[in-house]
Every structure is written in C-alpha cells, then in structure tokens.
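# Working through the structure, step by step
Below, each chain spelled out in residue letters.
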Amino acid sequence: MNVKAAATRVVRVLLVLLALGFCAYSLVARWDETVQAFRQMSWATLAGAFAVGLAGLFAWMVAWRALLGGLGSPLPLRAAFRINAVSQLGKYVPGKVWAIVTQVEMGRAYQVPRLRNFSSVLLAVATTCACGLAVASVTLPLTSQAARDRYWWLFLLAPVLLGALHPRIVTWCLNTALRLVRRPPLEHPVSLGVTLRAIAWTMLAWALFGVHTWLLCAAVGGDGAGLPFAATGAYALAFVAGFLIFIAPGGIGAREAALVLALSSSLPAGAPIVVAIASRVLLTVADLVNAGVALLLARPAAGPAAGSAAAAEERPHIPPRDGGNGNESRPERLVPGTQPTKE
C-alpha cells in the first residue's frame, strides 16, 4: 500500500469515526425525551417501525444503485450496500456534504469515476426530494379539510415535480452544471427505463416510511381512515424540509418541527412530538445497524487472499480490449530475421 492510499484510508476511517460521534451525540442529547416517548409504545410497535424503516433505507439504496448503473457503472448489490450504508453516516456531520464525499471516495475502490458517482448522488437526491414532495402533495390534501386548506398548493406541484425527472431535463441540467465547472458532459445519459425504475424504488421507500410513521402515530392515539395518508405525507414533507436545511446534521430539529406541524391536525395534543422523537431515534439506529453490517461484510472471511478475491469479485466488470476471451492482446517483440511466435 503506497503512502497516498494509506492516507486516503486514514481519512475515511477518521470521517466514519467523526460521523459516529455526531450520531451518538444526537441520540444522547435527547435521551430523557426518547425514554418517555418509547414508554408510550409497545416493543412490537417499535420493532415493526424499525424493521419497516430499515426496508425504506434499503429501497433508497437500490434506487441510487439503479441510477449509477444507468450512468455507466453497474455495481453488485453487496458493493452498493457497503458504499451507501457507510456513507450515510456522513449526513450526521454538519454540512451534509460529507455523506456525498464519503460515497464518492468509497466508490473509487470499485472503479467508479468520481464525477459519475457524484452525478448519481445528485440524481438520487433530486429523485428523492421530487418524489417526496409529490407524495406529500397527493396524500396530505386527502386527510382532512384542515390539511387541504394548509397544503392545497402542494397538490399543484405533483405533476411538475415528477415531470422534471424526465431524462432529457435531468441530462440537460447535469450537463449544464458540468459545463459551468468546465467538466465533460455525461458519458451515459440516464435512460427513461432507468429513471422509471429509480422512481419506482423511491416511491416504495416513501410508502415504507409512511408505514413506519403510521405505526408510531397509531401507538400514541391516532386513528381514522385518513391516518395512513397523513402519516405518509407528513413524513415525506418533513424529510424534504429537513434536507433543505443544509447546516442541520441529518435534518435534526427541522425535520421534527415539520413533522409536528404536519401531524398536529391528525393526532392528540402532545402526540406529534412523541412520534417525531421516536422516528428520529429508530431511523438513526437503523443507519448505525446498516453501517455495522456493511463494515462486517467488508471484513475478509478467511484471510487476506479471500478478502482480495471477494473485493475483485465485486468490482464492476470491465470488458477485455480484444473483444471477449479475457486475454488482452499484447504486441510481441520481434528479433530481426525471425517470425512471430504464438504462446
């Protein structure tokens, strides 16, 4: 291992440790409130909300993987999970840029160009936010008259936001941004099929987070046929609001405030803040569990040789130059007066 590679590895480790520190602080800082919130819910409810939250995070990861593959760097599911799970800890560091930096740097181990990886992250973020606002715009106005009066303007945004994800619009926006920073345009613009697949996985994630929030709402006294819609729309709106607050690590504070506001007309007094705190803690623990599993998967099973073989197995396949037999053709050295020989 050369000096540059060793330094890069040290920086990655330090970044992960820093993220873990901020993540732990976010849990400890509201410990008393968390204990009180959990006391109002059964362990079955908490376990169910946790499991559904894990599934939602997984669906988001698959959506990003689809976009990265569409840009020209398909990754095995295990490799994509490693990169995404560890890099997501970076969102707990103030600034949000650290999650992107970590994801881009970790992708280099799998021969994913930095610019391509960065573009895939931007596409994933745009897809998540657009679909989230579209979900909120459809679900919140359906829940009650108060919600319709407060969020009617969101309903008008749904077709606009989803239409903005069309590959031609996305490609033009990314190529314009790349041109402004004097970078070459995208090598492989995302196709309509890839875009629709990413949107489908993202929508599934929002549905799962809606179930996650609905379970918590039901545990604190929420009821009625409109509660699942209110829970889904409230979480989608709150997540996007938290994401847009650039400084807040993981959207802490902003997400909870938006969730409380959106659920205030659907839950008893005092219940929305309980849901917000419980959701924050469960999803933070889910991020930690994902990162722990990813780090365990990265460990060699039977010594360095096995670890190297596993890493090589998960790198994206690069076709051989000679067209497919796996042996690259090399020019032979000829001694004057002799004929070329075949090996």
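Every value quoted in this text rests on a predicted model; they were computed, and no experiment measured them.

The rules behind these values
- Residues numbered from 1 in each chain as written.
- Predicted model: local features only at pLDDT ≥ 70, side-chain atom pairs only at ≥ 80, totals over all residues.
- Heavy atoms only, no water.
- 1 Å grid on protein atoms, 1.4 Å probe; cavity = no way out; pocket = protein on both sides within 12 Å on 5 of 7 lines; lining within 4 Å.
- Points joined across faces, edges and corners; volume = space filled by probe spheres on them.
- Helix = DSSP H or I, 4+ residues; strand = E, 2+ residues; numbered from the N terminus.
- pLDDT = per-residue confidence, 0-100.
- Contact = heavy atoms within 4.5 Å.
- Salt bridge = Lys/Arg side-chain N within 4 Å of Asp/Glu carboxyl O.
- Buried < 20%, exposed > 50% of the residue type's maximum accessible area, 1.4 Å probe, protein only.
- Phe/Tyr/Trp six-rings, centres within 6.5 Å; stacked < 30°, edge-to-face > 60°.
- Axes fitted to C-alpha atoms, helices over the stretch in contact; angles between N-to-C directions.
- Parallel < 35°, antiparallel > 145°, perpendicular 65-115°, else oblique.
- Left-handed = near helix turned anticlockwise from the far one by under 90°.
- Nonpolar A, V, L, I, M, F, W, Y, C, P; charged D, E, K, R; others polar.
- Patch = residues over 30% accessible without salt bridge, like charges linked within 9 Å, V, L, I, M, F, W, Y side chains within 5 Å.
- Areas by Shrake-Rupley, 256 points an atom, 1.4 Å probe, with all protein chains shown as cover.

For the coordinates displayed, the defined rule picks out four cavities of 30 Å³ or more. Empty space within the largest cavity amounts to approximately 90 Å³. Looking at the largest cavity, it is lined by 12 residues, and the ones nearest its centre are K91, Y235, R255, L283 and D287. Secondary-structure elements contributing two or more residues to the lining of the largest cavity are α3 (43-70), α10 (227-244) and α12 (271-298).

On to the confidence of the model for the protein, then. Here the protein averages 78 in pLDDT, while 73% of its residues score no lower than 70. When pLDDT is averaged over each helix and strand of the protein, the minimum, 44, is found for helix α13 (residues 303-314) and the maximum, 95, for α3. Between residues 301-313, whose pLDDT stays under 50, and residues either more than four places distant or in other chains, the model counts one contact. Low confidence marks residues 317-343, where pLDDT is under 50. Its contacts with residues over four positions away, or in another chain, come to 12 contacts.

The next subject is the pattern of salt bridges. Applying the stated criterion across every chain, the model contains four salt bridges. Across the pair D287 and K91 runs a salt bridge whose closest N-O atoms are separated by 3.1 Å. Highlighted residues: D287 in helix α12 and K91 in the loop between α4 (77-87) and α5 (97-107), separated in sequence by 196 residues. We classify K91 as buried; its relative accessible area is 18%.

Below, the discussion takes up the packing of aromatic side chains. Taken as a whole and assessed by the stated rule, the structure comprises eight aromatic pairs. Ring centres of W60 and W206 lie 5.3 Å apart, and the angle between their planes is 90°; this geometry places the pair in the edge-to-face category. Of the two residues, W60 is situated in helix α3 and W206 in helix α9 (residues 192-219); the sequence distance between them amounts to 146 residues. Across the pair, exposure class does not vary: W60 and W206 are buried alike. For the pair W60 and F239, a centre-to-centre distance of 4.9 Å together with 45° between the ring planes defines the contact as tilted. Taken as a pair, W60 in helix α3 and F239 in helix α10 lie far apart in primary sequence, 179 residues in all. Both residues of the pair, W60 and F239, count as buried. Members of the aromatic cluster, each reached through a chain of ring pairs, are W60, W206, F209, Y235 and F239.

The next point concerns the packing of helix α6 (residues 114-143) against α9. Taken N-terminus to C-terminus, the directions of α6 and α9 make an angle of 55°; their axes are 10 Å apart at the nearest point. Considered as vectors, α6 and α9 are oriented oblique to each other. For the pair α6 and α9, the crossing hand works out as right-handed. Contacts between α6 and α9 involve T127, T128, C131, G132 and V135 from the first element and A198, I199, T202, M203 and W206 from the second. Across the contact of α6 with α9, the residue classes tally to six nonpolar, four polar and no charged.

Below, the discussion takes up a nonpolar patch on the surface. Among the surface-exposed residues, W152, W153, F155 and L156 lie close enough to one another that they form a single nonpolar patch of about 490 Å² accessible area. When you line up the elements, W153 lands in helix α7 (residues 145-163).

Relative to each other, α10 and helix α11 (residues 254-263) sit at 150°, their axes nearing to 8 Å. Judged by the angle between their axes, α10 and α11 are roughly antiparallel. The two elements α10 and α11 cross, and the hand of that crossing is right-handed. Only A254, R255, A258, L259, A262 and L263 of α11 make contact with α10, whose side of the interface consists of A230, A231, A234, Y235, A238, F239, A241 and G242.

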